[in-house]
Every structure is written in C-alpha cells, then in structure tokens.
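Here's the letter readout for the chains.
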Amino acid sequence: MPRASRRRGDAARRHADTIRFVLFEARPTGLDFQQLVRATDLSPYQVRAGLGALKDEAASRGWPPIIWTRQAGYQLGADRAALEAYERAVVTQKLNEFRRFITGTVAPHAAAHPNDKWVKHIVAQLNSIESTLDLIASS
C-alpha cells in the first residue's frame with residue numbers, strides 16, 4: 001500500500017476518481033486488479049495509489065466501502081453479507097499475522113530476555129490484541 005503522503009496527493013486523488021467511476025460502472029460485480037488496470041488505463045502503481053486514496057476518501061465522506069474478494073475482485077458498495085465476510089477475512093488475516101509475530105519474534109525475544117521490561121510490556125499488549133481479534137473472528 002502506498003504511503004499516506006502519496007495517497008493524499010493530487011495525482012492519487014485523480015486516480016481515485018477514475019477508479020471510483022470504473023467500479024461504479026461495474027456494479028454490482030467487481031473487477032480484479034488486472035481488469036481495473038485495463039479499464040482505468042492507469043499503471044499498476046497508479047491503481048494501487050488510487051485504491052488507497054479512494055479507501056481514505058470513501059471513509060472520510062461516508063461513501064460505501066471498497067472491498068476485495070477472490071471471486072469478485074474489487075467491489076464498490078457491496079451488500080451486508082459481503083461486507084461482513086470481508087471484515088471477518090481481514091480480522092482473521094490480522095490475527096494470523098499477530099500470532100506469527102508473537103510466536104516467531106516476540107516469544108524468542110521473551111525467552112532470551114525474561115526480565116526485560118519492554119518484552120513484558122509488548123507480550124502483555126500483543127496477547128491482549130490477539131485475544132480481542134480472536135473474539136471478533138470467532139463471533
């Protein structure tokens with residue numbers, strides 16, 4: 001994902017408008033990334049920057065969210081079931097990332113330095129995040 005500063009630039013906003021128009025025209029179906037590149041006549045980099053800017057703009061203006069699924073690609077304003085499935089998939093993905101980070105990096109660090117204040121703090125915080133994400137994903 002492009003940096004926030006690039007997502008806020010004029011070029012990214014123009015690309016976001018182009019992507020929004022194309023996705024609006026494709027509704028209710030979506031477009032995969034390559035179809036989005038072809039339909040917008042933008043480069044892959046420009047599409048990524050535009051998607052980031054469009055997600056930020058949609059959130060700030062209260063527009064329907066943009067989601068991505070394997071079956072439909074990028075969609076603008078999906079139905080409730082699709083939004084919930086997307087949210088669950090993202091939460092599950094983040095939960096897996098946190099678990100890998102905890103077991104692969106933090107746990108060995110904690111084992112090597114069990115009395116380190118930083119390690120104790122980060123273990124407690126990450127366990128709390130893991131528990132919360134697990135609760136959200138399983139509900």
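What counts and what doesn't
Residues numbered from 1 in each chain as written. Predicted model: local features only at pLDDT ≥ 70, side-chain atom pairs only at ≥ 80, totals over all residues. Heavy atoms only, no water. Core = buried A, V, L, I, M, F, W, Y, C linked by side-chain atoms within 4.5 Å. Buried < 20%, exposed > 50% of the residue type's maximum accessible area, 1.4 Å probe, protein only. Helix = DSSP H or I, 4+ residues; strand = E, 2+ residues; numbered from the N terminus. Contact = heavy atoms within 4.5 Å. Pairing = 2+ DSSP bridges. Polar contact = N/O pair within 3.5 Å; in protein donor to acceptor, adjacent residues only side chain to side chain. Salt bridge = Lys/Arg side-chain N within 4 Å of Asp/Glu carboxyl O. Expected span 1.5 Å × (residues − 1). Arc of directions from axis to C-beta. Axes fitted to C-alpha atoms, helices over the stretch in contact; angles between N-to-C directions. Parallel < 35°, antiparallel > 145°, perpendicular 65-115°, else oblique. Nonpolar A, V, L, I, M, F, W, Y, C, P; charged D, E, K, R; others polar.

**Q** How do you make sense of the nonpolar core when you look at a structure like this?
**A** One recurring pattern in soluble globular proteins is that nonpolar side chains are buried together. Formed by 18 residues in total, the largest nonpolar core has its most connected members in I19, L23, L36, V47, L51 and Y74. At the level of secondary structure, the elements contributing two or more residues to this core comprise α2 (10-26), α3 (33-40), α4 (44-61) and β2 (73-76). A per-element tally of this core places α2 first, with 6 residues. With sequence-adjacent residues up to four places away left out, Y74 is seen in contact with L23, G30, L31, F33, L36, L51, I66, I67 and W68.

**Q** Please explain the pairing of strand β1 (residues 66-69) as it appears in this structure.
**A** In the sheet, β1 pairs with β2 via 4 bridges, with the strands oriented antiparallel. The residue of β2 that forms the bridge with I67 is Q75. Hairpin connection of β1 to β2: 3 residues between the antiparallel strands.

**Q** Would you mind showing me how to read the environment of A89 here?
**A** Tracing the backbone through its elements, the reader meets A89 in helix α5 (residues 80-112). Of the residues examined, A89 reaches a relative accessible area of 44% and is grouped as partly exposed. Between the C-alpha atom of A89 and that of S128, which follows or precedes it by 39 residues, the distance is 20 Å.

**Q** Would you explain the side chain of Q75 in this entry?
**A** Mapped onto the elements of the fold, Q75 is located in strand β2. Within the local environment of Q75, its side chain forms a polar contact with the backbone oxygen of P28, the two atoms lying 3.4 Å apart. Not counting residues within four places of it along the chain, the set of residues in contact with Q75 comprises P28, T29, G30, P65, I66, I67 and T69.

**Q** What is the right way to look at the pattern of salt bridges in this model?
**A** Note that side chains of opposite charge can pair when their charged atoms are close. Tallied over the full model, the rule gives 6 salt bridges. Between E130 and R99 there is a salt bridge whose closest N-O contact spans 2.9 Å. One end of the pair, E130, is in helix α6 (residues 117-138); the other, R99, is in helix α5, and 31 residues separate them in sequence. Between R99 and D134 there is a salt bridge whose closest N-O contact spans 3.4 Å.

**Q** Just to check I follow, could you spell out α2 for this structure?
**A** Every α-helix winds through 3.6 residues per turn, so residues three or four apart in the chain are directed the same way. Given a rise of 1.5 Å per residue, 17 residues ought to cover 24 Å, and the 24 Å separating the end C-alpha atoms of α2 matches this to within 8%. All of the buried residues in α2 are A12, H15, A16, I19, V22, L23 and A26. Projected down its long axis, α2 carries its buried residues within an arc of 130°, all on one side. Facing away from the buried side of α2 by more than 90 degrees, the exposed set consists of D10, R14, F21 and E25.

**Q** Got a minute to help me understand the packing of α2 against α3 in this structure?
**A** The angle between the axes and the distance between the axes are what describe a pair of packed helices. As a packed pair, α2 and α3 sit with axes 10 Å apart at the nearest point and diverge in direction by 110°. Taken together, α2 and α3 sit at an angle that is classed as roughly perpendicular. Across from T18, I19, V22 and L23 in α2, the residues of α3 making contact are L36, A39 and T40. For the contact of α2 with α3, a count of residues per class yields 5 nonpolar, 2 polar and no charged.

**Q** How do you make sense of the side chain of T40 when you look at a structure like this?
**A** Turning to its location among the elements, T40 is positioned in helix α3. With a relative accessible area of 8%, T40 lands in the buried category. With sequence-adjacent residues up to four places away left out, T40 is seen in contact with T18, I19, V22 and V47.

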